[in-house]
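Descriptive structure summary
Each chain, letter by letter, is given below.
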Amino acid sequence: MAPAGRPGAKKGILERLESGEVVIGDGSFLITLEKRGYVKAGFWTPEAVIEHPDAVRQLHMEFLRAGSNVMQTFTFSASEDNMESKWEDVNAAACDLAREVAGKGDALVAGGICQTSVYKYHKDEARIKKLFRLQLEVFVQKNVDFLIAEYFEHVEEAVWAVEVLKESHRPVAVTMCIGPEGGMHDVTPGECAVRLVKAGASIVGVNCRFGPETSLKTMKLMKEGLERAGLKAYLMVQPLGFHTPDCGKEGFVDLPEYPFGLEPRVATRWDIQKYAREAYNLGVRYIGGCCGFEPYHIRAIAEELAPERGFLPLASEKHGSWGSGLDMHTKPWVRARARREYWENLLPASGRPFCPSLSKPDD
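Residues numbered from 1 in each chain as written. Predicted model: local features only at pLDDT ≥ 70, side-chain atom pairs only at ≥ 80, totals over all residues. Heavy atoms only, no water.

We apply this condition: UniProt positions are given in the numbering used here, feature names are shortened, and annotations may be inferred rather than shown by experiment.
As annotated in an unreviewed UniProt entry, the protein carries the name S-methylmethionine--homocysteine S-methyltransferase BHMT2 and is attributed to Sapajus apella. You can read under Function (unreviewed entry) in the UniProt record for the protein the words "Involved in the regulation of homocysteine metabolism." The record held by UniProt for the protein lists under Pathway (unreviewed entry) the comment "Amino-acid biosynthesis; L-methionine biosynthesis via de novo pathway; L-methionine from L-homocysteine (BhmT route): step 1/1."

Okay, structure coming up:
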């Protein structure tokens, strides 16, 4: 199967999903750019779009080559409450970078907002909706293709976000950062999905906080909740690129390794191929990643679902399927690894003999 060539006219997000197309999202920006020296941990705000635009552009390009066909604006926490006077310039610059890279392939631009720092302390609907609306105004000016409200712990705030984004008359996707136990106010995943669809979201799901296996369990509960309510929506999943079976209700932020010691938990490309197939079999058609999800992880999604999509990503020009490139190795035991069965059944070691396999979350 050959890599895809240059695209023709671009279809919209709902047109793609309605036709059964698999939409591949992008991956990690905050944690990846922190590791590369462009984002400061703690604040986790995206000034890099202005201070280091080449770094952001490069990461967008890596995701595009890996198979992503959505360039999400790097606007996480870029609201007025977090960035004061910088917020407008940051949102505008992020849109420009995403649009520039999207134009080099068959990718759409999604304007992204997330939960505010205000909600936990002051559940002021008017104030919070104003913060969302300010970002939305920039996204509309920049003519993004659709909108994503992501990383919400509380379904009430997520509903407010959807209600504001719908004012643009663009398609709206919304993802919550919850696990199978549900939101912080004990609203189940199924009920969260129902409330978000009733608010007007066309695409619902989860992102961040939990690894692929846990996130798919949550997606199953969301799907079942929608079915019980007789509602339909497209499903979207963008988990961590880390294994987190031992985290609590609030996800990986409670693990003692967060955020600077997570590397031993990184999923392999083969883990992600398994995740992509399981997500597809569950009925999810918008499949991507969040923190810790590197471009090679996105490539793994694109390669696993290449039979359904009909093409490979450009980055597969340098990657043999299931290790097939190892056929050329001089060592026979390495050549023996050039097969799917080897990598699917591998139990990778961490190389840390005195470290536990699981941690106890901090309360």
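1. Description of the overall build of the protein
How we decide: In this text, helices come from DSSP runs of H or I with a minimum length of four residues, and strands from runs of E with a minimum of two, each type numbered from the N-terminal end. In this treatment the radius of gyration is a C-alpha quantity, and the globule benchmark scales as 2.2 Å times the residue count to the 0.38 power. Burial classes: relative accessible area under 20% of the type maximum marks a residue as buried, over 50% as exposed, and values in between as partly exposed (1.4 Å probe, protein chains only). Here, two residues are considered to be in contact whenever any of their heavy atoms come within 4.5 Å of each other. The protein chains shown are the only cover counted for residues, whose accessible areas, like all others here, come from Shrake-Rupley with a 1.4 Å probe. When charges are counted, Lys and Arg are positive and Asp and Glu negative, with His and the chain ends excluded. A charge is said to be at NZ when it belongs to Lys, at CZ for Arg, at CG for Asp and at CD for Glu.
If you tally the helices and strands in the protein, you get 15 helices and eight strands. Expected size for 363 residues packed as a compact globule is a radius of gyration near 21 Å; at 20 Å, the protein falls within 12% of this value. For the protein, with 363 residues in total, the buried portion stands at 54%. Across the protein, every contact between residues at least 6 apart in sequence was considered, and the portion connecting residues at least 24 apart equals 77%. Taken as a whole, the protein presents about 16200 Å² of accessible surface, with 50% of it coming from carbon and sulfur. The averaged location of the 50 negative side-chain charges in the protein is 5 Å from the averaged location of its 45 positive side-chain charges.

2. Observations regarding the domain arrangement of the protein
Going by this rule: The split of the chain into domains comes from an automatic or database domain assignment. Once two parts are brought into contact, the accessible area they lose, counted with a 1.4 Å probe and summed over both, makes up the buried area. Salt bridges are defined as contacts in which a side-chain nitrogen from Lys or Arg sits within 4 Å of a carboxyl oxygen from Asp or Glu. N or O atoms closer than or at 3.5 Å make up a polar contact, with two conditions inside protein: a donor-capable atom paired with an acceptor-capable one, and, for residues adjacent in sequence, both atoms drawn from side chains.
Along its sequence, the protein is organised into domain 1 (13-312) and domain 2 (317-348). The centre of domain 1, based on its C-alpha atoms, is set 32 Å off from the matching centre of domain 2. Counting residues at the interface gives eight residues for domain 1 and seven residues for domain 2. When the two sides are added together, the surface that domain 1 and domain 2 hide from each other amounts to roughly 640 Å², 58% of it contributed by carbon and sulfur. At the boundary of domain 1 and domain 2, one finds zero salt bridges. On the surface where domain 1 and domain 2 come into contact, there are two residue pairs in polar contact (both at pLDDT 80 or more). Those elements that provide at least two residues to the side of domain 1 that touches domain 2 are α11 (269-282) and α12 (295-304).

3. With respect to the side chain of E304
Considering the arrangement of structural elements, one finds E304 in helix α12. Overall, the relative accessible area of 10% leaves E304 in the buried class. Other than its neighbours up to four places away in sequence, E304 contacts Q273, A276, R277, W322 and R340.

4. As for the UniProt feature "domain: Hcy-binding" (unreviewed entry) in the protein
Within the UniProt annotation, "domain: Hcy-binding" (unreviewed entry) is assigned to residues 11-305. Structurally, residues 11-305 is divided into 44% helix and 12% strand, and its ends, taken at the C-alpha atoms, are 19 Å apart.

5. Examining the UniProt feature "binding site: Zn(2+)" (unreviewed entry) in the protein
Annotation from UniProt places "binding site: Zn(2+)" (unreviewed entry) at C208, C290 and C291. The greatest C-alpha distance among the residues just named is 6.3 Å, despite their covering 84 residues of sequence, which places them together in space. For C290, the position within the fold is in the loop between β8 (286-287) and α12. Residue class for C290 comes out buried when judged on its relative accessible area of 12%. In contact with C290, not counting residues within four places along its chain, are G27, S28, N207, C208, Q238 and P239. Of the residues examined, C291 reaches a relative accessible area of 11% and is grouped as buried.

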